[in-house]
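Coordinates in review
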There are 4 protein chains.
Amino acid sequence: MTPLAAAPEIRTRDADRTRQAVLRAAMAEFADHGFGGARVEAIAERAGVNKKLIYYYFDGKDELFVAVLEQTYADIRAAERELQLEASEPLAAVQKLITFTWNHYLAHPEFLALLNSENMHRADHLRRSRRIRDMNSPLIDTLAQVLARGAERGEMRPGIDPMQLYISIAGLAYFYLSNHHTLGAVFGRELMSGDSLAERLAHILDVVTRYVRAA
Amino acid sequence: MTPLAAAPEIRTRDADRTRQAVLRAAMAEFADHGFGGARVEAIAERAGVNKKLIYYYFDGKDELFVAVLEQTYADIRAAERELQLEASEPLAAVQKLITFTWNHYLAHPEFLALLNSENMHRADHLRRSRRIRDMNSPLIDTLAQVLARGAERGEMRPGIDPMQLYISIAGLAYFYLSNHHTLGAVFGRELMSGDSLAERLAHILDVVTRYVRAA
Amino acid sequence: MTPLAAAPEIRTRDADRTRQAVLRAAMAEFADHGFGGARVEAIAERAGVNKKLIYYYFDGKDELFVAVLEQTYADIRAAERELQLEASEPLAAVQKLITFTWNHYLAHPEFLALLNSENMHRADHLRRSRRIRDMNSPLIDTLAQVLARGAERGEMRPGIDPMQLYISIAGLAYFYLSNHHTLGAVFGRELMSGDSLAERLAHILDVVTRYVRAA
Amino acid sequence: MTPLAAAPEIRTRDADRTRQAVLRAAMAEFADHGFGGARVEAIAERAGVNKKLIYYYFDGKDELFVAVLEQTYADIRAAERELQLEASEPLAAVQKLITFTWNHYLAHPEFLALLNSENMHRADHLRRSRRIRDMNSPLIDTLAQVLARGAERGEMRPGIDPMQLYISIAGLAYFYLSNHHTLGAVFGRELMSGDSLAERLAHILDVVTRYVRAA
DNA sequence: TATGAATGAGCTTTCATTCAT
DNA sequence: CATGAATGAAAGCTCATTCAT
């Protein structure tokens, strides 16, 4: 009887744990290869479960992808809620949002990959999920309030469209991180080094700050 | 000298036409489904040629994708050369670049799709192409000159990094157009209507102009 | 004597009920899809029980099918016993048998489906059941007596083979009811309406009556 | 160089021959196991071709089954056309039809099996085939003429419904041949011996003749 | 007695690619 | 230069059945 005797216990019959394992494995596989390129068998192997179990817990590859998207969106929404932009000074709040967005994309490359894949498929899976549509982001509303407060105080220009601003913030970060492979190849530069990343974040903060600040 | 002596030239012309047909068909198919999702058979059908011809002219699916990428980059480089930013006033030149970028992305959704697909695959195909690496874009250098001229004249702030600026211009346009499916679904808005597109372009011009202009 | 002493009886009753539920569900599923097309999972769902229970009460899909066949044959044998052809006038007895056969097939389409499925599998399951082989139908003997009585009385032709007659009666009904889908499609007629069914029964009665009646 | 050197030629690149080989193999496999039980791989092996070829020539298992049904119906329709019942005396014509039906069923057990399978699936495949629906059998019309002629001559009873009669002829043969496995098991008799078959055909001829003949 | 979790084998179908002409 | 026929490998998915509780 060695102390390792308990090891097999890892493979429990715990439904929730297995489900989560499959979900995490799927997230990685879909992020690595996109929806079409992902292999159900590879997901099963990553999760250490039988292929059939994937069809037992989820209904198929499509539904599994929807579940992954839902989890991913739920994660980012939860993180957004903890930002509490209302509690910060307007300009600081915008910069906080930028930094958060940048760091979240950096820490969750799978999110970018999933979105790329999903956009290639006309957002068919996303549209299929009522849960995601209901998971309405409060960010636009919050950002609108921040902009209004900034304008009231005379710190920001009035009339800024919060949705356009949000898309710009996201785009400035997203494009750099998501396309760094082709950009790096074309420009012949290493874009993912610590210095390069810091430089980019500073640039984005600069661009956006100059855009919102009152003249 | 047989009567067929003239044939080779004709054949060559036909060959070229066929090659082009395959290339165009491949571009459409790859844009619609990404590299992994594209079907060689579908490309043959779109081009109206036999599947084997694809292997005759190109060597396989990978090489065909490289050829498509090369063509796509060649197209955008050619368009860029006609911009002649040097001939414009500095601020106008930047705005011209923005409008060009936006319109090119809008007119060539396959370019966005190909880039997305390529980034998902770590730019493996792009890196394989010596031709693309040699097709060095003069844009960064030109943009650097424009910025320098603008700074000299006191119309622009000095010290702006042309690469960061270029990536920002591209990102502000790219993200909106490439991700409009998911963004539209999440925001519940139609982002591709004429009005929405005009609004977005105006926003981008505004953001970038405020960034480069001297205070 | 614990308070649970009475439980076994209850359990037994429940057990029987569950067994019956499985059997009925299996009958329906096998009738709908044949042996090969039937799904054990679907049977469990129809019966509202856990899949494993099917393996507990029966041993597997094959054995379950045998049990269904046994039940089905037991039902028809029981119904046959209640006919009491001996009590009727010979000609009336034959007509009674025809009407009974027709109505039984009509009321129990699963019987036809099970037989079709079984014949497709060379009656392997049926042959495996000692119970069915022992459930010898008294019908042929009874019919032989009826024919003999009819002949004695001069109402029927002598020398009629009861087995051939029985197969003919069954076939005239079976083929119409079992194959009405293809027949209906080929003839472009609705064969299962009340009128059509009545017409067919009358026809069968006519055919058989003319066959047995003394000239 | 042995004389066998030419053998490989058997596997030609003749599309038509290959298509036919697949069709024949499919017919056998579907007849042996029904639609659901048939294995595409087994069909490919029987035909000696690659599995993918089946999808190349036909579109899938369903479409292949439809093609088999079409071929089977085309065969029986062709045989029916050669009967030329109009050329025979009325009573002889009916007996000719009976013998033909019996022999065709006997020689083509796959026809019975395919019909059984198809009826189990509500004739879904058959209904899908426009070709089969258009392959209207002339038999009913021909039989109607035969009955009319027989009635005119006073050899047959008037008022006999040709469709009912046809279904009866088919049913008397079909049921015996299609269900001989279960019937044989239940009656404990060998029903497919030469004697048994001859006896059955004689019985059917007897039954039908007595039905149509004028009293 | 009853259950949900888990499996291996095998199904139909798809794909990029090559062969024979 | 061009073609239709043919393939091996592997994909998503299903099935009857067993395991652990």
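Up top you'll find the structure we're talking about.
Reference entry: report on the structure contained in this document.

Cut-offs applied
Residues numbered from 1 in each chain as written. Chains lettered and ligands numbered in written order. Predicted model: local features only at pLDDT ≥ 70, side-chain atom pairs only at ≥ 80, totals over all residues. Helix = DSSP H or I, 4+ residues; strand = E, 2+ residues; numbered from the N terminus. Buried ≥ 20, exposed ≤ 12 C-beta atoms within 10 Å, placed from the backbone. Contact = placed C-beta atoms within 7 Å. Least-squares fit on C-alpha atoms with pLDDT ≥ 70 in both. Nonpolar A, V, L, I, M, F, W, Y, C, P; charged D, E, K, R; others polar. Core = buried A, V, L, I, M, F, W, Y, C linked by C-beta atoms within 7 Å. Expected span 1.5 Å × (residues − 1). Arc of directions from axis to C-beta. Near = placed C-beta within 6 Å. Bend = angle between axes of the 7 residues up to and from the residue.

Observations regarding the overall build of chain A
- Across its full length, chain A carries twelve helices and zero strands.
- Taken from the N to the C terminus, the helices and strands of chain A come in the order α-α-α-α-α-α-α-α-α-α-α-α.
- If you line up chain A on its principal axes, its C-alpha atoms span 70 × 45 × 40 Å.
- In chain A, which comprises 215 residues, the share counted as buried stands at 35%.
- Long-range pairs, those at least 24 residues apart, make up 68% of the contacts in chain A with a sequence separation of at least 6.

Structural notes on the relation of the copies chain D and chain C
- Rotating chain D by 180° and translating it 0.0 Å along the rotation axis places it on chain C, where the RMSD comes to 0.1 Å. What we have between these two chains is a two-fold relation. Ranked by how close their C-alpha atoms come to the rotation axis, the residues of chain D are headed by G171 of chain D, at 2.7 Å.
- The share of interface residues of chain D whose copies in chain C are also at the interface is 100%, consistent with both copies meeting through the same surface.

Comments concerning the interface of chain D and chain C
- Contacts between the two partners involve 38 residues from chain D, matched on the other side by 38 residues from chain C.
- Of all elements in the fold, only α1 (15-37), α6 (109-120), α7 (124-128), α10 (162-178), α11 (180-187) and α12 (194-212) of chain D reach the threshold of two or more residues within the side of chain D that touches chain C.
- The residue inventory of the side of chain D that touches chain C, partitioned by class, reads 18 nonpolar, 14 polar and six charged.

Considering the interface of chain A and chain B
- Every contact between the two is made by 38 residues of chain A and, on the other side, 38 residues of chain B.
- Listed by contribution, the elements that provide at least two residues to the side of chain A that touches chain B are α1 (15-37), α6 (109-120), α7 (124-128), α10 (162-178), α11 (180-187) and α12 (194-212) of chain A.
- Among the elements that line the side of chain A that touches chain B, the one with the most residues is α10 of chain A, at eleven residues.
- When its residues are assigned to classes, the side of chain A that touches chain B shows 18 nonpolar, 14 polar and six charged.

Quick look at the nonpolar core
- Core analysis: the biggest nonpolar cluster contains 113 residues, and V68 of chain C together with V68 of chain D have the highest contact counts within it.
- When residues no more than four places from it in sequence are discounted, the contact partners of V68 of chain C are L23, A26, M27, F30 and L114 of chain C.
- Formed by 110 residues, the second largest nonpolar core is a distinct cluster that contains F35, A113 and L139 of chain A together with M27 of chain B.

A look at the relation of the copies chain A and chain B
- Its rotation angle being 180°, the transformation that places chain A on chain B also includes 0.0 Å of axial translation and leaves an RMSD of 0.1 Å.
- Both copies contact each other with a shared surface, as 100% of the interface residues of chain A are interface residues in chain B too.

Considering helix α12 (residues 194-212) of chain C
- Taking 1.5 Å as the rise per residue, α12 of chain C with 19 residues should run 27 Å; its terminal C-alpha atoms sit 27 Å apart, in good agreement.
- For α12 of chain C, the complete set of buried residues consists of R200, H203, I204, V207, V208, Y211 and V212 of chain C. Projected down its long axis, α12 of chain C shows its buried positions confined to an angular sector of 150°, all on one face. Along α12 of chain C, exposed side chains directed more than 90 degrees from the buried face belong to G194, D195, A198 and A202 of chain C.
- In this structure, the buried side of α12 of chain C is in contact with α5 (90-107), α9 (139-152) and α10 (162-178) of chain C together with α10 and α12 of chain D.

Observations regarding the protein's contact with DNA strand F
- Around DNA strand F there are 38 residues in total, and K61 of chain A, K52 of chain B together with A15, N50 and K52 of chain D lie nearest to it.
- Counting residues per element, the ones that place at least two in the surface near DNA strand F are α2 (40-47) and α3 (51-57) of chain A, α1 (7-37) and α3 (51-57) of chain B, α2 (40-47) and α3 (51-57) of chain C together with α1 and α3 (51-57) of chain D.
- For the surface near DNA strand F, the residue count by class is 13 nonpolar, seven polar and 18 charged.

Let's talk about the arrangement of the chains
- No part of chain A reaches chain C; the closest C-alpha pair between them is 12 Å apart.
- Spatially, chain B is disjoint from chain D: no contact exists, and the shortest C-alpha separation is 12 Å.

A look at α10 of chain D
Residues and elements named next belong to chain D.
- The end-to-end C-alpha distance of α10, which contains 17 residues, comes to 23 Å, matching closely the 24 Å that a straight helix rising 1.5 Å per residue would cover.
- Taken as a whole, α10 carries its principal kink of about 25° at G171.
- Burial of α10 is extensive: 14 of the 17 residues sit out of reach of the surface.

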